[in-house]
Amino acid sequence: MAKQLRIGVIGLGNMGLAHAQNLAAGKIPGAVLSAVCDADAARLERVGAKLNVKQFSSHVELLSSGSVDAILIAVPHYDHVPIAMDAFEKDIHVMCEKPIAVSVTDARRVNAAFAKASTRNPDLRFGIMFQVRTNAMYKKLRELILDGELGNITRITCVVTNWFRSNTYYASGGWRATWKGEGGGVLINQCPHNLDILQWVTGLMPHRITAVGTVGKFHPIEVEDEISAILEFSNGAVGQFVTTTGEYPGTNRLEIAGDRGKIVAEGGKLTFNRTRQSVSQINQTTPESFPSPQVWSMDIPVGPISENHNEVLSRFVDVIHKGLPATDLIAQGIEGVNGLEIGNAMLMSALTRQPVNIPVDGPAYDQFILDMHAKHGGKKRTSSVTPAQVDMAGSFSR
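Only a predicted model underlies this, so the values are computations on that prediction, with no experimental measurement involved.

**Overview of the confidence of the model for the protein**
- On average, residues of the protein carry a pLDDT of 93, and 95% of them reach 70 or more.
- Every residue in residues 385-397 is under pLDDT 50, and counting partners more than four places away or in other chains gives 15 contacts.

**Some thoughts on unusual backbone geometry**
- In this structure, Pro99 follows Lys98 across a cis peptide bond, with omega equal to -10°.
- Of note, Pro99 is situated in the loop between β5 (93-96) and α5 (104-120).
- Omega for the bond connecting Tyr248 with Pro249 falls within 30 degrees of zero, at -5°, which places this linkage in the cis form.
- Here Pro249 lies in the loop between β10 (238-244) and β11 (252-258).

**Some remarks on the sheet that holds strand β6 (residues 126-128)**
- Here 6 strands make up an open sheet; going across it, the order is β3-β2-β1-β4-β5-β6 and the pairing parallel. At either margin of the open sheet sits one strand with a lone partner, and together these are β3 (54-56) and β6. Sheet twist, expressed as the average angle between the axes of neighbouring strands with direction ignored, equals 25°.
- Examined bridge by bridge, strand β1 (residues 5-10) and strand β4 (residues 70-73) share 4 bridges and lie parallel to one another. Following the sheet pairing, Val9 is matched in β4 by Leu72.
- Helix α11 (residues 309-322) contacts β1, β2 (31-37), β4, β5 and β6 of the sheet and is inclined by roughly 165° relative to β5.

**Comments concerning the pairing of strand β9 (residues 224-233)**
- Summarising burial for β9: 7 of the 10 residues are buried, a large majority.
- As judged from the 9 bridges shared by strand β8 (residues 206-215) and β9, these two strands associate in the antiparallel manner. Its bridge partner being in β9, Val212 is matched across the sheet by Ser228.
- For β9 and β10, the ladder comprises 7 bridges, and the chain directions are antiparallel. Looking at β10, one finds that Ile227 is bridged to Thr243.

What counts, and where the lines are drawn
Residues numbered from 1 in each chain as written. Predicted model: local features only at pLDDT ≥ 70, side-chain atom pairs only at ≥ 80, totals over all residues. Heavy atoms only, no water. pLDDT = per-residue confidence, 0-100. Contact = heavy atoms within 4.5 Å. Helix = DSSP H or I, 4+ residues; strand = E, 2+ residues; numbered from the N terminus. Pairing = 2+ DSSP bridges. Axes fitted to C-alpha atoms, helices over the stretch in contact; angles between N-to-C directions. Buried < 20%, exposed > 50% of the residue type's maximum accessible area, 1.4 Å probe, protein only.

Here is the structure:
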């Protein structure tokens with residue numbers, strides 16, 4: 001392999017452009033931007049000329065060009081899987097922006113394709129851009145839980161309602177907030193990181209989800225913009241997940257209770273209310289009817305808080321150069337199915353008003369998406385804001 005890992009960026013929207021610029025500026029040690037690809041000819045020419053790299057109008061041409069050792073996928077959701085699978089066929093490493101796919105069916109397909117390619121080439125690597133895993137608060141929370149400091153987990157509550165979005169945001173792109181373009185709303189667009197963190201820090205996947213949700217409650221859109229869910233775990237724990245893009249001011253709080261107390265992650269701080277004794281032991285042995293066990297309240301030091309895309313990409317490059325195991329990646333691509341499956345189950349349960357078991361029935365979920373598109377597709381209305389005003393508002397993020 002060349003001394004520098006040659007990376008091609010596919011998709012030059014907000015995130016793709018940012019990744020391309022970082023690579024071109026030498027911010028990723030051991031890597032170089034060698035090509036860019038976008039279906040928008042004008043944008044492709046503009047970015048390619050500015051960054052002085054090869055330009056391709058299709059990912060197929062780029063993958064066949066011999067110009068790249070790895071690709072970074074930053075295109076609309078539905079295109080993640082076919083591009084990744086085509087790359088695996090050519091033994092090209094893949095880093096993919098979230099979500100890995102729209103449905104568990106496609107996520108399982110891409111994982112199977114990677115497994116097949118890895119049998120042929122064990123050095124092939126597949127990563128996903130879960131940069132929130134680099135957040136020191138969540139890293140410390142995961143460490144505490146996996147080290148057993150909290151004991152057996154009994155409750156997981158995640159309230160993430162600080163996603164307020166206006167009608168102008170939804171009118172900024174024809175693919176936004178549509179079943180055909182995104183395959184859903186707040187869960188697939190805003191919440192993939194939250195859903196990943198929920199299972200990553202705890203090491204737990206729910207086995208059953210019951211939810212309620214609403215299509216277009218706050219916005220003139222055809223997909224969900226509010227979800228409230230109950231999660232059941234095999235260890236007996238119960239979880240709650242609440243999200244919306246229609247609330248202001250919002251909350252971003254993860255609260256996890258266990259046999260040794262409760263930890264709250266909010267505002268860049270970890271607060272551990274630790275019981276001196278096991279809660280279950282107190283329950284079983286105390287002669288008191290209304291006990292008040294001693295609790296130590298501690299602010300857990302976590303260090304500076306940041307969520308670094310470049311750290312994820314740099315680790316990806318380092319793992320490839322040094323021949324390190326895939327487990328050394330900050331997030332393996334095959335892990336993208338976990339949070340996605342939770343989100344799929346929430347959405348299907350919320351809009352059918354029926355509980356959904358995990359593993360999710362892939363074909364049933366795919367049919368559900370088709371049903372939602374038939375029922376709600378095309379109902380999105382534009383904002384009263386003019387296109388010129390949208391352009392003046394600048395780049396739109398998640």
